[in-house]
Each structure stands twice: as C-alpha cells, then as structure tokens.
Amino acid sequence: MHKSLKHLLSIFILLGFMSVASAEEIHLACYPSDSDILMYEIDIDIEQNKLWIDDRLHEITLVTDKHILAKSERVSSKLNRYTGKLTQGLFQPDGSVKDISTFQCKQLEQLF
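Just so we're clear, the structure is a prediction, and the values are computed from it rather than from any experiment.

> What should I look at first to understand the overall build of the protein in this one?
When its secondary structure is counted, the protein shows one helix and eight strands. Taken across its 112 residues, the protein has 24% of its residues classed as buried. Pairs at least 24 residues apart make up 19% of the contacts formed inside the protein by residues separated by at least 6 positions. Surface summary for the protein: the accessible area is close to 8,500 Å², and the carbon and sulfur share equals 57%.

> Is there a simple way to explain the sheet that holds strand 4 (residues 56-63) in this structure?
Strands pair in a sheet through their backbones, by hydrogen bonds, and they do so in one of two ways: parallel or antiparallel. Strands sit in the order 1-2-3-4-5-6-7-8 around a closed barrel of eight strands; the barrel is antiparallel. Strand after strand, the sheet turns through a mean of 30 degrees between neighbouring axes, direction not considered. Where strand 3 (residues 50-53) meets strand 4, four bridges bridge the pair, whose relative direction is antiparallel. Residue pairing across strands places Lys-50 opposite Glu-59, the latter belonging to strand 4.

> How should I be thinking about the state of the cysteines in this particular structure?
As enumerated under the stated definition, the model contains one disulfide in all. Note on cysteine connectivity: Cys-30 is disulfide-linked to Cys-105, with sulfurs 2.0 Å apart. The chirality of the disulfide connecting Cys-30 with Cys-105 is right-handed, given an S-S dihedral of about 105 degrees. Taken as a pair, Cys-30 in strand 1 (residues 25-32) and Cys-105 in strand 8 (residues 97-107) lie far apart in primary sequence, 75 residues in all. Like Cys-30, the residue Cys-105 is buried in the burial classification.

> Any chance you could explain the environment of Asp-36 here in plain terms?
Checked against the element boundaries, Asp-36 lands in the loop between strand 1 and strand 2 (40-45). On the basis of relative accessible area, Asp-36 is assigned to the exposed category, the value being 69%. Along the chain, Asp-36 and Gln-104 lie 68 residues apart, while their C-alpha atoms are 9.7 Å from each other.

Quick notes on the rules
Residues numbered from 1 in each chain as written. Predicted model: local features only at pLDDT ≥ 70, side-chain atom pairs only at ≥ 80, totals over all residues. Heavy atoms only, no water. Helix = DSSP H or I, 4+ residues; strand = E, 2+ residues; numbered from the N terminus. Buried < 20%, exposed > 50% of the residue type's maximum accessible area, 1.4 Å probe, protein only. Contact = heavy atoms within 4.5 Å. Areas by Shrake-Rupley, 256 points an atom, 1.4 Å probe, with all protein chains shown as cover. Pairing = 2+ DSSP bridges. Axes fitted to C-alpha atoms, helices over the stretch in contact; angles between N-to-C directions. Disulfide = S-S within 2.5 Å.

And the structure:
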C-alpha cells in the first residue's frame, strides 16, 4: 500500500509540472486587419525569450505589460498584449526599422 501511494504521488507531481509547462506557452493566430485568412501562427515562450512565427525563430528582446518585442536577422516584430496587434518591420542599413505590415492576432485555445 505504501509503495502504491508513492507512485500515485509521483504521478500527481509529474502532472503538475506538465500543466505548469503548458501555461508558459502562448499560441496565437494572426490575420491581416481586413481579412479572415490566417497569415501566421505564433508560439511564444516568454521564459526562454523565444517567439516563433510560422516556425521561424525570433529572439524576444523586451517584455512589458503592454508589448512583446522580438527580432530575427532582418525582421522586427512588436506585439501589443492587450489589443493583439502585431506590427512587423524590416531592419534598414542605418539600423532603423521600416514598418511593412500589421496583423490582428487572437489567442488560440487547445481543443483537446
């Protein structure tokens, strides 16, 4: 009996860690502002400072209550955490960023 209680406790602890890990990931679907055609799926892991836009890795450079800023080699991304607005820009040779596109993102929920 004592041994089975240890196994049961181990299972509960493992399930607790799994639920915490999934809570750290954010999944979004992003659409052009004037369309309902899916443009991007975004996965965010704030703890690891990583953001994937359609499986392309971007490094998160800043997280505030209002924004998440991320960059890849050529693209800058700014995501408003309240409105879901994603603004992307291209890095220019002088180091500035030229905005090129805007999308509206919605949080995805796991169906099963």
